[in-house]
Protein chains: 2
Amino acid sequence: MKLYVVGIGPGGADQMTPRARAAIEASDVIAGYTTYIDLVRPLIEGKELLQTPMKREIERCQSARDAALAGKTVAMICSGDAGVYGMAGLMHEVCAAHPDIEIEVVPGITAACAGAAVLGAPLIHDFAVVSLSDLLTPWEKIEKRLACAAQADFCLCLYNPSSKKRADYLKKACDILLTARAPETPCGYVRNIGRPGECGTVCTLAELRETEVDMFTTVFIGNSQTRVIGGKLVTPRGYENK
Amino acid sequence: MKLYVVGIGPGGADQMTPRARAAIEASDVIAGYTTYIDLVRPLIEGKELLQTPMKREIERCQSARDAALAGKTVAMICSGDAGVYGMAGLMHEVCAAHPDIEIEVVPGITAACAGAAVLGAPLIHDFAVVSLSDLLTPWEKIEKRLACAAQADFCLCLYNPSSKKRADYLKKACDILLTARAPETPCGYVRNIGRPGECGTVCTLAELRETEVDMFTTVFIGNSQTRVIGGKLVTPRGYENK
């Protein structure tokens, strides 16, 4: 019994690995959020589909597990990497009582890496990745992480920086960063990474605070050494000679 | 004038994206650390090679820049992702005075993602990436980052956890984590990610402290919620019902 959890990368076929493609092709059943399934549509003709809307993650994993238990080879599709805010963890949790299901996590390019490449090289050195979604994490915990990351001079990549219900969370996050970092700290954000309409913007931390982003955007905050070089956001590797 | 900085992923051709492959194929000149060039040997027959040994990163980038200035299309090869401890940042720095060189960073699968997939799903939620190499970063800064990450309950991925000169750095790092996390915190490490001899091990933080790893190893430290499920290292997405 084989169950792949597949990271398909940011979206385009040119950023999906051959290993991810092979896992999808080897599967009888394709599970995933409808939008992600659409991204691999050309690969899945004739296969059985288990589509669920967003926020039905547990159901989605249970359906995939049940298909595997029924003897089918299943691929659960995730955008980006399966192991960064993806389904790899929940899939292991849901299959805990079924050690006969072999789960293979197939990594993909996550938005931190794909978005950093669009902006230049903001995450070249130590960095932290934080989701601003408080659906599953108390906001106090998120604030604590932002404060500690600010204090430790980590570059930051923020996932889920906004939604309709959380319109001011990025502003709150910037305020926490501003307690430890200069308003002119170079930052940036990328919308629709690796998809049509991809657009990267470089700005300052003060400007980022006043920016409204949507849920298709990934945000990058530089550390004390980050600079703008030729319009690109670049964190030097080293701290000597600075 | 075109200069690609290409992340080829952990090693095998099946984890390199078509976009990375196309960038290499489109280039006249291939630059990089000899070991990484060997990983793409089948793609570069007949191309000009600029090979340099390790620790000659500035020279390597300058040679690549000079080849681009001479009108050649150049690909600088990095293992993993070009933007995570890769050459993307230095390449921008070295080309700062030459805005006519178009630098395109091609992302790849970094060891944090590839290694996490081997172990299960340790980085499914907020995490920090820290290099234990103090060649370019003062050790005090590294300690500060580890302490802040421990305090903020970040999962951690450690790059460059050891070398001949830094045999006890992982032990020191574990001691810092142990001030905030239980000795039985689930951890793991992966050797030769995505290459022949790939080997993942799950252990506790106390056991990790006593483990000797080499420079081909990436280390993962769970947060307060991380568990071992079916021999795999899994961090739950959410904090509710815990």
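Since we're looking at a predicted model, the values are computed, not measured. (Residues numbered from 1 in each chain as written. Chains lettered and ligands numbered in written order. Predicted model: local features only at pLDDT ≥ 70, side-chain atom pairs only at ≥ 80, totals over all residues. Heavy atoms only, no water.)

1. Things to note about helix H3 (residues 57-69) of chain A
Residue and element names in this part refer to chain A. Spanning 13 residues, H3 covers 18 Å between terminal C-alpha atoms, matching the ideal 18 Å at 1.5 Å per step. Taken residue by residue, H3 has Glu57, Arg60, Cys61, Ala64, Arg65, Ala67 and Ala68 as its buried positions. What you see down the axis of H3 is that its buried residues fit within an arc of 160°, all on one side. Tucked into the core, H3 has its buried residues touching strand S1 (2-7), strand S2 (29-33), strand S3 (48-52), strand S4 (74-78) and helix H4 (88-94). Count one or two residues on from H3 and you reach Gly71, which has phi positive near 95°. (Helix = DSSP H or I, 4+ residues; strand = E, 2+ residues; numbered from the N terminus. Expected span 1.5 Å × (residues − 1). Buried < 20%, exposed > 50% of the residue type's maximum accessible area, 1.4 Å probe, protein only. Arc of directions from axis to C-beta. Contact = heavy atoms within 4.5 Å.)

2. A few points about the relation of the copies chain A and chain B
You can overlay chain A on chain B at an RMSD of 0.0 Å; the transform is a turn of 180° with a shift of 0.0 Å along its axis. The superposition of one copy onto the other is thereby described by a two-fold rotation axis. Most of the interface of chain A is mirrored in chain B, where 100% of its interface residues again form contacts. (Least-squares fit on C-alpha atoms with pLDDT ≥ 70 in both.)

3. Looking at the interface of chain A and chain B
Between chain A and chain B, the residue contacts involve 61 residues of the former and 61 residues of the latter. Summed over both partners, the interface of chain A with chain B comes to about 5400 Å²; 61% of that surface belongs to carbon and sulfur atoms. Contact with chain B buries area across many residues of chain A, yet Leu136(A), Arg145(A) and Arg237(A) alone supply 14% of it, more than any other trio. Joining chain A to chain B, the criterion identifies eight salt bridges. We note a salt bridge from Asp153(B) to Arg145(A), for which the minimum N-O separation is 3.9 Å. On the surface where chain A and chain B come into contact, there are 26 residue pairs in polar contact (both at pLDDT 80 or more). (Buried area = accessible area lost by both parts, 1.4 Å probe. Salt bridge = Lys/Arg side-chain N within 4 Å of Asp/Glu carboxyl O. Polar contact = N/O pair within 3.5 Å; in protein donor to acceptor, adjacent residues only side chain to side chain.)

4. Quick word on the environment of Ala13(B)
Looking at where Ala13(B) falls in the secondary structure, it is placed in the loop between strand S1 (2-7) and helix H1 (18-25). When neighbours within four sequence positions are excluded, Ala13(B) is seen to be in contact with Pro18(A) and Arg21(B).

5. Comments concerning unusual backbone geometry
Phi at Tyr85(A) takes a positive value of approximately 55°, unusual for a residue other than glycine. For Tyr85(A), the location among the structural elements is in the loop between S4 and H4. Look at Tyr85(A) and you get partly exposed, because its relative accessible area is 21%. Phi at Asn192(B) takes a positive value of approximately 55°, unusual for a residue other than glycine. Owing to a relative accessible area of 17%, Asn192(B) belongs among the buried residues under this scheme.

6. Focus on the pairing of S1(A)
Residues and elements named next belong to chain A. A large share of S1 lies buried, amounting to six of its six residues. Neither face of S1 is open: one carries Lys2, Tyr4 and Val6, the other Leu3, Val5 and Gly7, and all of them are buried. Relative to strand S5 (residues 102-106), S1 is paired through five bridges, and the arrangement is parallel. Bridging from a neighbouring strand, Leu3 pairs with Ile103 of S5. (Pairing = 2+ DSSP bridges.)

7. Some thoughts on the pattern of salt bridges
Per the counting criterion, the structure on display carries 32 salt bridges over all chains. For Arg19(B), the salt bridge goes to Glu104(B), with nearest N and O atoms at 3.2 Å. Of this pair, Arg19(B) sits in helix H1 while Glu104(B) sits in strand S5 (residues 102-106), and the two are 85 residues apart along the sequence. For the salt bridge of Glu48(B) with Lys72(B), the shortest nitrogen-to-oxygen distance reads 3.0 Å. With Glu48(B) in strand S3 (residues 48-52) and Lys72(B) in the loop between helix H3 (57-69) and strand S4 (74-78), this pair connects stretches of sequence that are 24 residues apart. According to the relative accessible area criterion, Glu48(B) is partly exposed, its value standing at 36%. What you see here is one network of salt bridges that share partners, running through Lys2(A), Arg19(A), Glu102(A) and Glu104(A).

8. Re the sheet that holds S4(B)
Residues and elements named next belong to chain B. An order of S3-S2-S4-S1-S5 is seen for the five strands of this open sheet, with the pairing classed as parallel. Of all strands in the sheet, those bounded by a partner on one side alone are S3 and S5. If you compare each strand with its neighbour and ignore which way they point, the axes differ by 20° on average. Two strands pair when backbone bridges link them, and S1 and S4 are joined in this way by five bridges, in the parallel orientation. Pairing of Leu3 across the sheet is with Val74, part of S4. Seen against the sheet, H3 touches S1, strand S2 (29-33), S3 and S4 and runs at an angle of roughly 160° to S4. (Axes fitted to C-alpha atoms, helices over the stretch in contact; angles between N-to-C directions.)

9. Here we look at the sheet that holds strand S13 (residues 232-234) of chain B
Residue and element names in this part refer to chain B. Here three strands make up an open sheet; going across it, the order is S6-S13-S12 and the pairing mixed. Of all strands in the sheet, those with a lone pairing partner are strand S6 (120-121) and strand S12 (227-229), marking the two edges. Where S6 lies against S13, two bridges are found, and the strand directions are parallel. By the bridge assignment, Ala121 is partnered in S13 with Val234.

10. Quick look at the confidence of the model for chain A
Averaged over every residue, the pLDDT of chain A is 94; the share at 70 or more is 98%. Across the predicted assembly, pTM comes out at 0.96 and ipTM at 0.96. (pLDDT = per-residue confidence, 0-100.)

11. So, the side chain of Thr17(B)
Of note, Thr17(B) is situated in the loop between S1 and H1. Polar contacts involving the side chain of Thr17(B) include one to the main-chain amide nitrogen of Ala20(B), which spans 3.0 Å. Residues within four places of Thr17(B) in sequence aside, it is in contact with Asp14(A), Gln15(A), Met16(A), Thr17(A), Ile109(A) and Pro107(B).

12. As for the state of the cysteines
Evaluated as defined, the whole model comprises zero disulfides over all chains. The thiol of Cys155(A) is not disulfide-bonded; the next cysteine sulfur, from Cys187(A), is found 9.5 Å away. Accessibility expressed as a relative area gives 0% for Cys155(A), which makes it buried. There is no disulfide at Cys148(B), and the cysteine sulfur nearest it, in Cys148(A), is 5.5 Å away. Overall, Cys148(B) belongs to the buried group, its relative accessible area being 4%. (Disulfide = S-S within 2.5 Å.)

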